[in-house]
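Now for the letters of each chain:
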Amino acid sequence: MNQNRIESEPVSRHRLVDLVVFEYRSLVVRRLGVTAEWRVLEWTNAAACADEAEATADTCQRCPVVGECLAAALASDDRAEWRGGLSRDDRKHLWAGMERTYREVRDLELMRLDVDHLISGRRPATRLHTVNGTEP
């Protein structure tokens, strides 16, 4: 038996749920074309709240990376009171609107796939192969 083998604890259910939520929210943020570069974390050094214990509305007003911060806060469901110039409640409302828009866009794409298949005379697809509606 290899003694250098590192035994790791199983990932907690809470951590798995957090990862799934993050991936879904990241997909929605990307799909809706949020262009702020938030995944590369160098921007956090430039944040107005980088040296503060907690961000505030005033801090966010003078922050040079408020867009990146907001995109990251939405994708990660950040629980801090202030991020990206919005309070937690405002971010919840924004997220609800973004998710609703994402679902509407997705539904329209699925309907377009069905119509395209009907027009072409082929059977409707049983699975969606790609996000943009094209088949491999």
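Keep in mind the model is a prediction, meaning the values are calculated, not measured. (Residues numbered from 1 in each chain as written. Predicted model: local features only at pLDDT ≥ 70, side-chain atom pairs only at ≥ 80, totals over all residues. Heavy atoms only, no water.)

Caption draft 1: Representation of the side chain of Thr59 in the model. By the secondary structure assignment, Thr59 is in helix α2 (residues 57-61). Given the relative accessible area of 4%, Thr59 is considered buried. Side-chain polar atoms of Thr59 contact the side chain of Thr56, separated by 2.8 Å. Discounting residues that sit within four places of it in the chain, Thr59 has contacts with Ala48, Cys49 and Glu52. (Helix = DSSP H or I, 4+ residues; strand = E, 2+ residues; numbered from the N terminus. Buried < 20%, exposed > 50% of the residue type's maximum accessible area, 1.4 Å probe, protein only. Polar contact = N/O pair within 3.5 Å; in protein donor to acceptor, adjacent residues only side chain to side chain. Contact = heavy atoms within 4.5 Å.)

Caption draft 2: Just the nonpolar core, in detail. One finds Val29, Trp38, Trp43 and Leu74 to be the most contacted residues of the largest nonpolar core, which totals 17 residues. Counting only elements with at least two residues in this core, the list comes to α1 (13-31), α3 (66-76) and α4 (88-120). The biggest single contributor to this core is α3, with six residues. If we skip the residues at most four places from it in the chain, Trp38 touches Phe22, Ser26, Val29, Trp43, Glu68, Ala71, Ala72 and Ala75. (Core = buried A, V, L, I, M, F, W, Y, C linked by side-chain atoms within 4.5 Å.)

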